[in-house]
Amino acid sequence: MTSSSPTPIPEQAPAPEASAGAPVPPVLAEVVRSGFVEGRHRGSLVVLAADGSVESALGDVAAPVFPRSTNKPMQAAAVLRAGLELSGERLALAAASHSGESFHLDLVRTMLAEHGLTPDHLQTPPDLPLDPEEAESYLASGRVRDRLAMNCSGKHTAMLAAAARNGWPLASYLDQDHPLQQLVAEGVRAASGEEVAHVGTDGCGAPLLSLSLTGLARAFRHFVLADPGTPERRVADAMRAHPEYVAGTRRPDTWLMQALPGTLSKMGAEAVQAVALPDGRALAFKIDDGATRTLGPILGRLLRRMGVDSPVLARLEDAPLLGGGVRVGEIRAAF
């Protein structure tokens, strides 16, 4: 990775007022087909300087959002604080939204067995592998949706193992007032420097704690700069050392962490993304309509404006639109 001087994000014209009186978020990505802009995706983004100050922002970066799976590093740190000994690939998988590739599912099974658990203990919803190619192969082999194939099964296995180690109830490990979930909440507050404004239920059934985009970027920065040996640094180090377990072989988070050593990257459902660079700079953004197809182009553009120079950025930005099986357009960043 090489860096040059950061390019400031240009100011956009004031957004029109929404019917409810709130500003309409700026356009962050465009859908271009055959040279015609046929759609636009709005959202908010924030970039932190190395000292943690807000360097640039678009939209509302102080309002709470649900970070979805970008909360997973904080959830993984909580199982370490609960005394569970995990490291390497196992700890990376505890913070993962895995693709459901065979090496992911094999390690989940191994981890369950190591802690006296079975797939029946998992309270993830039955699902197919997250990666479309893996899902096709999975179905072609005659298998059906199950709890282990769901992309959060590594996280749930770690939560169950931490509960079992401490003699905490297993059946209620996803309850908001469970001792483990209380540790998660404490860690989220400490890493982000914010109080949690809203608690919901994530797609996997776990408690979902809101943060502002600024708080989310601050949390990722905290993880990469934490002292060696702390739960936060151990999680960051495991994710960066084993990015294929955090996502999968065909996933942008994996590509980015492989190409830019020391970088921590995690996406979440509903088009949330957070990244921290090894020097403490960080970013977070969310697309309001949840279009995950925008993540790569926006992430690539942001990293370029932060002065990052790497071939992986072109790979992230490449989001083609097809017509009749032929490339006729693209999703592109619009800031």
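Check the entry above for the structure.
Residues numbered from 1 in each chain as written. Predicted model: local features only at pLDDT ≥ 70, side-chain atom pairs only at ≥ 80, totals over all residues. Heavy atoms only, no water.

Some thoughts on the overall build of the protein chain
And then number 1: Per the secondary structure count, the protein chain includes twelve helices and 14 strands.
And then number 2: Taking 20 Å as the expected radius of gyration for a compact globule of 335 residues, we find that the protein chain reaches 20 Å, a close match to that expectation.
And then number 3: If one aligns the C-alpha atoms of the protein chain with their principal axes, the spans along those axes are about 55 × 45 × 45 Å.
And then number 4: Counting across all 335 residues of the protein chain, residues that qualify as buried make up 54%.
And then number 5: By sequence separation, contacts in the protein chain at least 24 residues apart represent 61% of the contacts at least 6 residues apart. (Helix = DSSP H or I, 4+ residues; strand = E, 2+ residues; numbered from the N terminus. Rg over C-alpha atoms; globule rule 2.2 N^0.38 Å. Buried < 20%, exposed > 50% of the residue type's maximum accessible area, 1.4 Å probe, protein only. Contact = heavy atoms within 4.5 Å.)

A short note on the packing of aromatic side chains
And then number 1: A complete count under the given rule lists one aromatic pair for this structure.
And then number 2: Here the aromatic rings of Phe103 and Tyr245 are separated by 5.0 Å at their centres, their planes lie at 80 degrees, and the arrangement is edge-to-face. One end of the pair, Phe103, is in helix H3 (residues 102–114); the other, Tyr245, is in helix H9 (residues 243–246), with 142 residues separating them in the sequence.
And then number 3: If you follow Arg301 out to its NZ or CZ, it ends over the ring of Phe335, 6.0 Å from the centre.
And then number 4: The cationic tip of Arg315 hangs over the ring face of Trp255; the distance from NZ or CZ to the ring centre is 3.8 Å. (Phe/Tyr/Trp six-rings, centres within 6.5 Å; stacked < 30°, edge-to-face > 60°. Lys NZ or Arg CZ within 6 Å of the ring centre and 35° of its normal.)

Digging into the nonpolar core
And then number 1: Grouped together as the largest cluster of nonpolar side chains are 66 residues, with contacts concentrated most on Leu86 and Val235.
And then number 2: In this structure, Leu86 is in contact with Val79, Leu80, Leu91, Ala94, Met111, His115, Ala158 and Arg234, ignoring residues within four places of it in sequence.
And then number 3: Within the second largest apolar cluster, 31 residues are counted, among which are Leu45, Ala271, Leu313 and Ile331. (Core = buried A, V, L, I, M, F, W, Y, C linked by side-chain atoms within 4.5 Å.)

Considering unusual backbone geometry
And then number 1: Positive phi values are uncommon outside glycine, yet Ser34 reaches one of about 55 degrees.
And then number 2: Tracing the chain through its elements places Ser34 in the loop between strand S2 (27–33) and strand S3 (36–48).
And then number 3: Of the residues examined, Ser34 reaches a relative accessible area of 60% and is grouped as exposed.
And then number 4: We note that Glu270 has phi near 60 degrees; this positive angle belongs to a residue other than glycine.
And then number 5: Considering the arrangement of structural elements, one finds Glu270 in the loop between strand S9 (264–268) and strand S10 (272–276).

Some remarks on the pairing of S3
And then number 1: Of the pairings in the sheet, the one linking S2 to S3 comprises six bridges and is antiparallel in character. Across the sheet, Val27 pairs through a bridge with Arg42, a residue of S3.
And then number 2: Linkage of S2 to S3, two consecutive antiparallel strands, is achieved through a turn of two residues, within which Ser34 is found at a positive phi near 55 degrees.
And then number 3: Here S3 runs beside strand S11 (residues 282–287); their pairing, made up of six bridges, is antiparallel. In the sheet register, Ser44 faces S11, and the bridge partner there is Lys286.
And then number 4: Bridge count between S3 and strand S4 (residues 54–58): four bridges; the pairing is antiparallel. (Pairing = 2+ DSSP bridges.)

Regarding the layout of surface pockets
And then number 1: By volume, the largest pocket is sized at about 730 Å³.
And then number 2: Contributing to the lining of the largest pocket are 34 residues, with Leu130, Arg251, Pro252, Met267 and Thr292 lying nearest its centre.
And then number 3: Elements that contribute at least two residues to the lining of the largest pocket include exactly helix H4 (132–140), helix H10 (252–259), S9, helix H11 (295–305) and helix H12 (312–317).
And then number 4: Top contributing element to the lining of the largest pocket by residue count: H11, with four residues. (1 Å grid on protein atoms, 1.4 Å probe; cavity = no way out; pocket = protein on both sides within 12 Å on 5 of 7 lines; lining within 4 Å. Points joined across faces, edges and corners; volume = space filled by probe spheres on them.)

By themselves, these are just geometric observations and shouldn't be taken as functional.
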